[in-house]
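One letter stands for each residue in the lines below.
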Amino acid sequence: MFLNALNIIFPNKCVICGKILDSVNDYACKNCQKNIQYYVCDTEVKKADIQYIDLIFSSYYYRGIIRKLILDFKFKNQKYLCRFLASAIAKAMKNFTNETTVDYIVYVPISFRRYMERGYNQSYLIAKTISSELHIPIIKYNLIKIKHNKRQSELGIKMRNANTKGVYKVLNSKRFNNKSILLIDDIFTTGNTVMECSRVLKHSGATKIIVATVAKADGIFKN
Ligand SMILES: [Zn+2]
């Protein structure tokens, strides 16, 4: 009722085509939904075969409209896209409750220099949205980035592993000791970033790490 009234005052628009939507709970119109469906990737939360990570999933493939929305969100200050981009992760967490119960949500940090350039950490915004939707506390400023490194996207596959080594640090490991964590990032490419963060978190005593990213790059950037 309240939400419907709100929708009249601030009409909810399709994040892709801008068409006004009937419900505040929707993000995209029926037409655009069909296109998004095409990019949905792992619908199941999978056991990770990656060291330090227990479970891993991405909501979409990093292609087409999803790729555009993430780039707009990340580089063009389109922060309103956050709710849409976070929604599929939150939904997956709800659908797999048995396996996905966690104590805390943590996000992949960015360097101070990058923060000053961009003005926000896109992964933090996604994590914050998921935190309020799932009522799981978010831990800020405890996993931090201590070195400014090159963007992973600027490097070849072989250089990416070295680029992330020793870049992240946990300030107070007691906060993560014996805790299970949902770690959020925007894009999964080679996995080096989330693996290095997970390694640091596990060394701080975290018992379980679930990694969730909005999208997974599959090497084929088709539109
Ligand atoms: Zn639309």
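Located above this text is the structure these notes cover.
It should be emphasised that the depicted structure is a prediction, and the values quoted were computed from it without experimental measurement.

Let us look at the coordination of the zinc ion. The reference angle at a metal is 109.5 degrees if four donors form a tetrahedron and 90 or 180 degrees if six donors form an octahedron. Listed as protein donors to the zinc ion are Cys14 (SG), Cys17 (SG), Cys29 (SG) and Cys32 (SG); their distances from the metal cover 2.2 to 2.4 Å. Around the zinc ion, the four donor atoms are arranged such that angles at the metal cover 99 to 119°; this shape is classified as tetrahedral. Of note, the zinc ion draws all its donor residues from one chain, in the sequence arrangement C-x2-C-x11-C-x2-C. Taken together, the residues cysteine 14 in the loop between α1 (2-9) and α2 (30-37) and cysteine 29 in the loop between α1 and α2 connect sequence positions 15 residues apart. Cysteine 29 sits in the buried class, given a relative accessible area of 4%.

On to the packing of helix α8 (residues 157-164) against helix α9 (residues 192-203). For the pair α8 and α9, interaxial distance at closest approach is 9 Å and the crossing angle is 25°. When the axes of α8 and α9 are compared, the pair comes out roughly parallel. Here α8 runs over α9; the crossing is right-handed. On α9, the residues touching Arg160, Asn161 and Thr164 of α8 are Asn192, Thr193 and Glu196. Along the lines of polarity and charge, the residues of the contact of α8 with α9 split into no nonpolar, four polar and two charged.

A few words now on the packing of aromatic side chains. What the rule picks out here adds up to four aromatic pairs. Judged by centre distance (5.1 Å) and plane angle (65°), the rings of tyrosine 107 and tyrosine 124 are edge-to-face. Pair noted here: tyrosine 107 is in strand β3 (residues 104-107) and tyrosine 124 is in helix α7 (residues 122-134), with a separation of 17 residues, a long-range link. Residue classification places tyrosine 107 among the buried positions, given a relative accessible area of 6%. Ring pairing ties together the aromatic residues Tyr27, Tyr60 and Phe84, which thus form one cluster. Seen from the ring of tyrosine 61, arginine 63 lies directly overhead, with NZ or CZ sitting 4.6 Å from the centre. Positioned above the aromatic ring of tyrosine 120, the side-chain terminus of lysine 79 is 4.7 Å from the ring centre.

Here lysine 216 lies in strand β7 (residues 208-216). Under the relative-accessibility criterion, lysine 216 is labelled partly exposed at 22%. Spatially, the C-alpha atom of lysine 216 lies 9.8 Å from that of arginine 67, the residues being 149 residues apart in sequence.

What counts and how
- Residues numbered from 1 in each chain as written.
- Predicted model: local features only at pLDDT ≥ 70, side-chain atom pairs only at ≥ 80, totals over all residues.
- Heavy atoms only, no water.
- Donors = N, O, S within 2.8 Å, 3.2 Å for Na, K, Ca; no water.
- Tetrahedral: all angles 85-135°; square planar, octahedral: opposite > 155°, others 65-115°.
- Helix = DSSP H or I, 4+ residues; strand = E, 2+ residues; numbered from the N terminus.
- Buried < 20%, exposed > 50% of the residue type's maximum accessible area, 1.4 Å probe, protein only.
- Axes fitted to C-alpha atoms, helices over the stretch in contact; angles between N-to-C directions.
- Parallel < 35°, antiparallel > 145°, perpendicular 65-115°, else oblique.
- Left-handed = near helix turned anticlockwise from the far one by under 90°.
- Contact = heavy atoms within 4.5 Å.
- Nonpolar A, V, L, I, M, F, W, Y, C, P; charged D, E, K, R; others polar.
- Phe/Tyr/Trp six-rings, centres within 6.5 Å; stacked < 30°, edge-to-face > 60°.
- Lys NZ or Arg CZ within 6 Å of the ring centre and 35° of its normal.

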